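The lines below spell out each chain.
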Amino acid sequence: MGKFFQEFIKKESVKGMILDVDGTLLDSMPVWDHSGERYLKSVGVHAPSSLGKILFSMTMQEGAEYMKKTYHLPQTAEEIKAGVIQTVAQAYSSEPGFKHGAQEFLKALQEASVPMTVVTSTDRPLILAAFRRLGIENCFQKIFTCTEFGSGKNDPAIFYAAAKEMGTQPEHTWVAEDALYAVRTAKAAGFHVLGIADASSRKDEPEIRKLADMFITDYFMEI
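Here's a quick rundown of the structure. Treat the numbers as computed from the prediction; the structure is a model and nothing was measured.

**Digging into the sheet that holds strand β2 (residues 116–120)**
And step 1. Within the open sheet, the 6 strands sit side by side as β3-β2-β1-β4-β5-β6. Their pairing is parallel. Since the sheet does not close on itself, it has two edges, and those belong to β3 (142–145) and β6 (214–216), each with one partner. Here the average twist between neighbouring strands, direction ignored, is 20 degrees.
And step 2. Bridge count for strand β1 (residues 16–19) against β2 is 3 bridges, and the pairing is parallel. From the neighbouring strand, Leu19 faces β2, where its bridge partner is Val118.

In structure tokens form, the structure reads like this:
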């Protein structure tokens, strides 16, 4: 028995690690829960608090297009996207912090020479602002953003690209995720999945537990 982050890297199947960011590495989902709602308020539009749940599985571009269409905004999708980014940018420059034990998990993977990549729905400027503040930008061989890649995590292509970057096969690669839709995609694509508990995905936790090869409430938990 030992801490999860210490025991996980002993698995023979851990040849490469693909990590989500929000809700997986960083305790950042609260920043996003109401980002769309706050942006709309800034342009004089009231939106329900449930908007965050609707936008959750979308890329930022898709979310901007959804808000434009749904709320009949005069701004272009690009302007809406820029406004949302500005709404959350201030938070990312000073918060959020690591999920409990995530920093130690990254260090353990580095010390074991396990290559790491990031696959995230969040746009690069925000990810880099947080990573540079926390000193982890150089932990990863490459950061894949859904916007730049051109498809979201409903499509396994971005996960395959991340594994290719590391030179690993899906059966020897783990994907760390807190979102059910991404867990489904990665698992169906042949990857091992490490499910991460997060308040934003609590309602989906029973299903994530069923699908994931392992599920943890934090990286310090005993296994």
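**What to know about the pairing of β3**
And step 1. As judged from the 4 bridges shared by β2 and β3, these two strands associate in the parallel manner. Considered in β3, the bridge of Thr117 is made with Lys142.
And step 2. In this fold, β2 hands off to helix α8 (residues 124–134), which returns the chain to β3; that crossover is right-handed.

**Some thoughts on unusual backbone geometry**
And step 1. Glu95 connects to Pro96 through a cis peptide bond whose omega is 5 degrees.
And step 2. Within the secondary structure, Pro96 is located in the loop between α6 (77–94) and α7 (102–111).
And step 3. Phi is positive for His72, which is not a glycine, with a value near 50 degrees.
And step 4. Judged by relative accessible area, His72 falls into the exposed class, the value being 67%.
And step 5. The backbone of Ser113 sits at a positive phi, close to 60 degrees, despite the residue not being glycine.

**As for the layout of surface pockets**
And step 1. Quantified by volume, the largest pocket comes out at close to 740 Å³.
And step 2. If you go around the largest pocket, you meet 36 residues; those closest to its centre are Met29, Gly52, Leu55, Phe56 and Ser57.
And step 3. At the level of secondary structure, the elements contributing two or more residues to the lining of the largest pocket comprise α2 (29–33), α3 (35–42), α4 (51–55), α5 (60–71) and α11 (180–188).

**Considerations on a negative patch on the surface**
And step 1. Where like charges cluster on the molecular surface, the negative patch consists of Glu62, Glu65, Glu78 and Glu79.
And step 2. Looking at the negative patch, the elements that each hand over two or more residues are α5 and α6.
And step 3. Along the chain, Glu78 falls in helix α6.

**Here's the deal with the pattern of salt bridges**
And step 1. Overall, the coordinates contain 11 salt bridges when judged by the stated rule.
And step 2. For Lys187, the salt bridge is made with Asp213, and the minimal N-O distance between the two is 2.8 Å. Taken together, the residues span a long stretch of sequence, with Lys187 in helix α11 and Asp213 in the loop between α12 (205–211) and β6 at a distance of 26 residues.
And step 3. Judged by its relative accessible area of 31%, Lys187 is partly exposed.

What counts and how
- Residues numbered from 1 in each chain as written.
- Predicted model: local features only at pLDDT ≥ 70, side-chain atom pairs only at ≥ 80, totals over all residues.
- Heavy atoms only, no water.
- Pairing = 2+ DSSP bridges.
- Helix = DSSP H or I, 4+ residues; strand = E, 2+ residues; numbered from the N terminus.
- Axes fitted to C-alpha atoms, helices over the stretch in contact; angles between N-to-C directions.
- Right-handed = clockwise from strand over helix to strand, strands pointing away.
- Buried < 20%, exposed > 50% of the residue type's maximum accessible area, 1.4 Å probe, protein only.
- 1 Å grid on protein atoms, 1.4 Å probe; cavity = no way out; pocket = protein on both sides within 12 Å on 5 of 7 lines; lining within 4 Å.
- Points joined across faces, edges and corners; volume = space filled by probe spheres on them.
- Patch = residues over 30% accessible without salt bridge, like charges linked within 9 Å, V, L, I, M, F, W, Y side chains within 5 Å.
- Areas by Shrake-Rupley, 256 points an atom, 1.4 Å probe, with all protein chains shown as cover.
- Salt bridge = Lys/Arg side-chain N within 4 Å of Asp/Glu carboxyl O.
- Lys, Arg positive; Asp, Glu negative; His and termini not counted.
- Charge placed at Lys NZ, Arg CZ, Asp CG, Glu CD.

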